[in-house]
Amino acid sequence: MPTKTAAARREEARAAYDAFLAACPTRKLLHRISDKWVSLVLVALAEGPRRYNDIARAIAGVSQKMLTQTLRTLERDGLVTRTVTPAVPVRVDYELTALGHTLLPVMRAIKVWAEAHIEEVESARVAYDPKPARA
């Protein structure tokens, strides 16, 4: 029986990924990228590098804590890079990586879909939600 190379074993494991399985690492990734702040940050960075405050101004309602946490997790996942430029004050820029750019069309499409269909969703919610009881 021939032994498999490390690359062959990795490829075999990659083919076995199934997000429907609880232990699959892709489940964690799907959880991460489905966060509303992640999609908004990625779209905000679509045009190129931005400073923290520029991102915060672009995304109404995001707290400093959530924006910082989101940028850190995106950096950890390899979707965003953080560049510190020594100056007074220190300049920090965030930018999509090549991997982040591959996710951008999906996130942009979801944002556009949500904006285009919100009225239909709101109507469905009104029709679904229970009506108040009459006195």
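Going by the structure above, here's the rest.
The shown structure was predicted, so the numbers you read here are calculated from the model rather than taken from an experiment.

Novice: Is there a simple way to think about the overall build of the protein in this case?
Specialist: If you tally the helices and strands in the protein, you get six helices and three strands. The C-alpha atoms of the protein give a radius of gyration of 20 Å, which is well past the 14 Å a tight globule of 135 residues would have. Burial statistics for the protein: of 135 residues in total, 22% are counted as buried. Contacts spanning at least 24 positions in sequence make up 46% of the contacts within the protein whose residues lie at least 6 apart. As presented, the protein carries roughly 10,300 Å² of accessible surface, and 60% of it is formed by carbon and sulfur atoms. If you average the places of the 21 positive and of the 15 negative side-chain charges in the protein, the two averages end up 6 Å apart.

Novice: Got a minute to help me understand the packing of helix H3 (residues 36-44) against helix H5 (residues 64-76) in this structure?
Specialist: When two helices pack together, their arrangement is captured by the angle between the axes and the distance separating the axes. With their axes 10 Å apart at the nearest point, H3 and H5 run at an angle of 75° to one another. One element, H3, and the other, H5, form an angle in the roughly perpendicular class. Judged by residue contacts, Trp37, Val38, Val41 and Leu42 of H3 engage Met66, Leu67, Thr70, Leu71 and Leu74 from H5. Residues that form the contact of H3 with H5 fall into these classes: eight nonpolar, one polar and no charged.

Novice: Any chance you could explain the side chain of Thr70 here in plain terms?
Specialist: With respect to the helices and strands, Thr70 occurs in helix H5. Judged by relative accessible area, Thr70 falls into the buried class, the value being 4%. In terms of polar contacts, Thr70 uses its side chain to reach the backbone carbonyl oxygen of Met66, at 2.7 Å. Leave out the neighbours within four places in its chain, and Thr70 touches Asp35, Trp37, Val38 and Val41.

Novice: Would you mind showing me how to read unusual backbone geometry here?
Specialist: Backbone geometry follows two general trends: most residues other than glycine have a negative phi, and most peptide bonds adopt the trans configuration. In this chain, Val88 is followed by Pro89 through a cis amide linkage whose omega measures -5°. Mapped onto the fold, Pro89 is located in the loop between strand E2 (80-85) and strand E3 (91-96).

Novice: Is there a simple way to explain the environment of Ile59 in this structure?
Specialist: Looking at where Ile59 falls in the secondary structure, it is placed in the loop between helix H4 (52-58) and H5. Considered as a pair, Ile59 and Val43 are 16 residues apart in the sequence and their alpha carbons are 10.0 Å apart. Setting aside residues no more than four positions away along its own chain, Ile59 makes contact with Trp37, Leu40, Val41 and Ala44.

Novice: So what exactly am I meant to see when it comes to the sheet that holds E2 here?
Specialist: The strands that make up a sheet are held in pairs by hydrogen bonds between backbone atoms, and each pair lies either parallel or antiparallel. Read from one edge to the other, the open sheet built from three strands follows the order E1-E3-E2, with strand pairing classed as antiparallel. Because the sheet does not close on itself, it has two edges, and the strands there are strand E1 (50-51) and E2. Inspection of the sheet shows E1 paired to E3 by two bridges, in the antiparallel sense. The partner of Arg50 across the bridge, within E3, is Tyr94.

Novice: Is there a simple way to think about the pairing of E2 in this case?
Specialist: Two faces, one strand: in a regular strand the side chains alternate between the faces of the sheet. Sheet topology note: the E2/E3 ladder contains six bridges and is antiparallel. By the bridge assignment, Thr83 is partnered in E3 with Asp93.

Scoring rules and cut-offs
- Residues numbered from 1 in each chain as written.
- Predicted model: local features only at pLDDT ≥ 70, side-chain atom pairs only at ≥ 80, totals over all residues.
- Heavy atoms only, no water.
- Helix = DSSP H or I, 4+ residues; strand = E, 2+ residues; numbered from the N terminus.
- Rg over C-alpha atoms; globule rule 2.2 N^0.38 Å.
- Buried < 20%, exposed > 50% of the residue type's maximum accessible area, 1.4 Å probe, protein only.
- Contact = heavy atoms within 4.5 Å.
- Areas by Shrake-Rupley, 256 points an atom, 1.4 Å probe, with all protein chains shown as cover.
- Lys, Arg positive; Asp, Glu negative; His and termini not counted.
- Charge placed at Lys NZ, Arg CZ, Asp CG, Glu CD.
- Axes fitted to C-alpha atoms, helices over the stretch in contact; angles between N-to-C directions.
- Parallel < 35°, antiparallel > 145°, perpendicular 65-115°, else oblique.
- Nonpolar A, V, L, I, M, F, W, Y, C, P; charged D, E, K, R; others polar.
- Polar contact = N/O pair within 3.5 Å; in protein donor to acceptor, adjacent residues only side chain to side chain.
- Pairing = 2+ DSSP bridges.

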